[in-house]
Amino acid sequence: MSITPFSKHQLIPQEEKLEIAKHKSELFIGIPKETSYQERRICLTPDAVNSLTSHGHRVLMEASAGESSSYSDKEYSDAGAEITNDTKKVFSCPMILKVEPPTLDEINMMNPQTILISAIQLKTQKKAYFEALATKRITALAFEFIKDEDGSYPAVKSLSEIAGTASILIASELMINQSIGKGLLFGNITGVRPTEVVILGAGTVAEYAARTAIGLGATVKIFDNSITKMRRLQNMLNQRIFTSTIQEKSLLKALRRCDVAIGAMRGKNRTPVVVTETMVEHMKKGAVIVDVSIDTGGCFETSEVTTHEKPTFIKNNVIHYCVPNIPSRYSKTASMSISNIITPSLLKIADDGGLESAIRCDRGLKNGVYFYHGILTNKSIADWFNISYRDINLIVF
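Predicted, not measured: the structure shown is a model, and the values here were computed from it. (Residues numbered from 1 in each chain as written. Predicted model: local features only at pLDDT ≥ 70, side-chain atom pairs only at ≥ 80, totals over all residues. Heavy atoms only, no water.)

What follows deals with the overall build of the protein chain. Of the regular secondary structure elements, the protein chain holds 16 helices and 15 strands. Projected onto its principal axes, the C-alpha positions of the protein chain cover 85 × 70 × 45 Å. Long-range contacts, defined as pairs at least 24 residues apart, comprise 65% of the intrachain contacts of the protein chain with a sequence gap of at least 6. Here the protein chain has roughly 19700 Å² of accessible surface; of this, 53% comes from carbon and sulfur atoms. If you average the places of the 46 positive and of the 42 negative side-chain charges in the protein chain, the two averages end up 6 Å apart. (Helix = DSSP H or I, 4+ residues; strand = E, 2+ residues; numbered from the N terminus. Contact = heavy atoms within 4.5 Å. Areas by Shrake-Rupley, 256 points an atom, 1.4 Å probe, with all protein chains shown as cover. Lys, Arg positive; Asp, Glu negative; His and termini not counted. Charge placed at Lys NZ, Arg CZ, Asp CG, Glu CD.)

Here's what the structure looks like:
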């Protein structure tokens, strides 16, 4: 008789066990009006609200929340949202959607155990923000940390695409500036030397800036210290362009000749300053600098943060544009972009039976969680602010 690890009973054919269907949960989402300076975007477009309400979810919006993205309250109410003037009522919803992270006063208005989905903007946060979230035992997700199936960060990527494309369009406007601008057309006109663009960095912002500049007929030079990134960029653009590692001599030569310089570098904590003031002094009179990386410090030594209302200043005869939140200038495009990323996640959370089950099934979404019932679960935040944290994979599995 053969030896078997199974008992006699186990060897008899067993009944089939079928998976129990998940209970779908109904979401009740609050969308408050953005109060942060210069923030014009909104998380959900009327179409996205419609797809949520048609699945039986509730959306409560603060009046005129979508106006700066040119969406009226009527469009939202037609899409099935409830509109209110009561800010407290919006913040008392079990799930809050915001573009900017909430202020301490706004966190005070939330109920304990609320789910918050917003950007986090780590570099502008203070420790008090995380302490407030812990006190209310809030579960918070950040757009910047949510991953796609391929391991990329879709929210960061799409806003980088907007910022990259916009940086060239902004530069082309600034080049016709009457007082100091050169009155140059950003295009390759027969018989006229094409505009020269220098891009620092070879990430998504640089890729879209290069795409736009090439599309307009400019010649592009890209500087970055990663050969892999530059090779990837050339393959993405489907053509050979001038690329170089960052060496002072060749960078200075390129900056001397260029009409536009775009700063699109990323650093671990702060963007490295690649262009010194002396290099800027050597640039042509009326040249344009657009420092897209100003939100993490900027890669030109002469950069200083400016606003959408007063976006430029002139230093060493060079026009500087250093607005930290470029996508907000194109608020409708940016809102659609955020909405496209967040809506499928919301529907998935509902189908999976709530956030708890959703983050068990979806690793990309789990990566977005940085606070779980008042416990910090993100290592980079913990290191940055010196707060203790727990690994989410040890809490949720």
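Having seen the model, we can carry on.
The subject of this paragraph is the sheet that holds strand β3 (residues 82-84). Across the sheet, which stays open at both edges, the 8 strands sit in the order β3-β2-β1-β4-β5-β6-β14-β15 with mixed pairing between neighbours. The open sheet terminates on both sides in strands that have one partner only, identified here as β3 and β15 (375-376). Here 2 bridges tie strand β6 (residues 139-142) to strand β14 (residues 369-372), and the two strands are oriented antiparallel to one another. The residue bridging L141 from the neighbouring strand is V369, located in β14. The sheet strands contacting helix α12 (residues 331-351) are β1 (28-31), β4 (95-97) and β5 (115-118), and the helix crosses β4 at an angle near 175°. (Pairing = 2+ DSSP bridges. Axes fitted to C-alpha atoms, helices over the stretch in contact; angles between N-to-C directions.)

On to the nonpolar core, then. If you look at the biggest cluster of nonpolar residues, it comprises 40 residues, and the most contacted ones within it are L44, L97, I117 and L346. For this core, the secondary-structure elements that each account for two or more residues are β1, α2 (46-53), β2 (58-62), β4, β5, α12, α13 (355-361) and β14. Broken down by element, the residue count for this core peaks at 6 residues, all from α12. Residues contacting I117, with those up to four places away along its chain left out, are M95, I96, L97, K98, L141, F143, I342 and L346. The next biggest cluster of nonpolar side chains, apart from the first, holds 33 residues, and it includes M175, I199, A209 and A264. (Core = buried A, V, L, I, M, F, W, Y, C linked by side-chain atoms within 4.5 Å. Buried < 20%, exposed > 50% of the residue type's maximum accessible area, 1.4 Å probe, protein only.)

What follows deals with the sheet that holds strand β10 (residues 260-263). Within the open sheet, the 7 strands sit side by side as β9-β8-β7-β10-β11-β13-β12. Their pairing is mixed. Strand pairing shows two members of the sheet lacking a second neighbour, β9 (242-244) and β12 (312-315), which therefore form its edges. Adjacent strand axes in the sheet meet at a mean angle of 20° when their direction is disregarded. In terms of strand pairing, strand β8 (residues 219-223) meets β9 through 3 bridges, oriented parallel. Among the inter-strand pairings, K221 is bridged to a residue of β9, identified as F242.

This part is about α12. Taking 1.5 Å of rise per residue, 21 residues should cover 30 Å, and α12 covers 30 Å from first to last C-alpha, within 8% of that figure. Of all the bends in α12, the greatest, near 25°, is centred on I342, and the proline P344 appears no more than four residues after it. Of the residues flanking the end of α12, it is G353, one or two places downstream, whose phi is positive at about 90°. (Expected span 1.5 Å × (residues − 1). Bend = angle between axes of the 7 residues up to and from the residue.)

Our focus in this paragraph is the pairing of β5. Residues of β5 alternate between two faces, with I115 and I117 on one and L116 and S118 on the opposite face, all of them buried. For the crossover from β4 across helix α5 (residues 104-109) to β5, the handedness is right-handed. Bridge count for β5 against β6 is 4 bridges, and the pairing is parallel. Pairing of L116 across the sheet is with A140, part of β6. (Right-handed = clockwise from strand over helix to strand, strands pointing away.)

Before going further, it helps to examine the packing of aromatic side chains. In this structure the tally under the stated criterion is 8 aromatic pairs. On the numbers, 6.1 Å between centres and 75° between planes, the contact of Y71 with Y76 is edge-to-face. Among the residues examined, Y71 registers a relative accessible area of 6% and is labelled buried. Taking the centre distance of 5.1 Å and the plane angle of 80° together, the rings of Y129 and F130 count as edge-to-face. Take Y129: its relative accessible area is 3%, and that puts it in the buried class. Grouping aromatic residues by their ring pairs yields a cluster made of Y129, F130, F145, Y370, F371 and F385. Sitting over the ring of Y208, R211 keeps its end group 5.4 Å from the ring centre. The ring centre of F242 lies 5.0 Å from the NZ or CZ of K221, which sits over that ring. (Phe/Tyr/Trp six-rings, centres within 6.5 Å; stacked < 30°, edge-to-face > 60°. Lys NZ or Arg CZ within 6 Å of the ring centre and 35° of its normal.)

The element strand β7 (residues 196-200) is largely enclosed, with a buried count of 5 among its 5 residues. Bridge count for β7 against β8 is 5 bridges, and the pairing is parallel. The residue bridging V198 from the neighbouring strand is K221, located in β8. The parallel pair β7 and β8, bridged by helix α8 (residues 204-215), forms a crossover whose chirality is right-handed.

Turning our attention to the state of the cysteines. Per the stated rule, a full pass over the model turns up 0 disulfides. Cysteine C258 remains unbridged, with the sulfur of C299 as its closest cysteine sulfur at 13 Å. (Disulfide = S-S within 2.5 Å.)

A word on the domain arrangement of the protein chain. Domain annotation of the protein chain identifies domain 1 (28-145 + 331-394) and domain 2 (157-329). On the domain 2 side, the residues contacting the 13 residues of domain 1 number 14 residues. Interface area for domain 1 against domain 2, summed over the two sides, is near 1100 Å², with a carbon-plus-sulfur share of 45%. Three residues, Q38, R40 and K123, lead the burial of domain 1 against domain 2; their summed loss comes to 44% of the area buried on that side. (Domains from an automatic or database assignment. Buried area = accessible area lost by both parts, 1.4 Å probe.)

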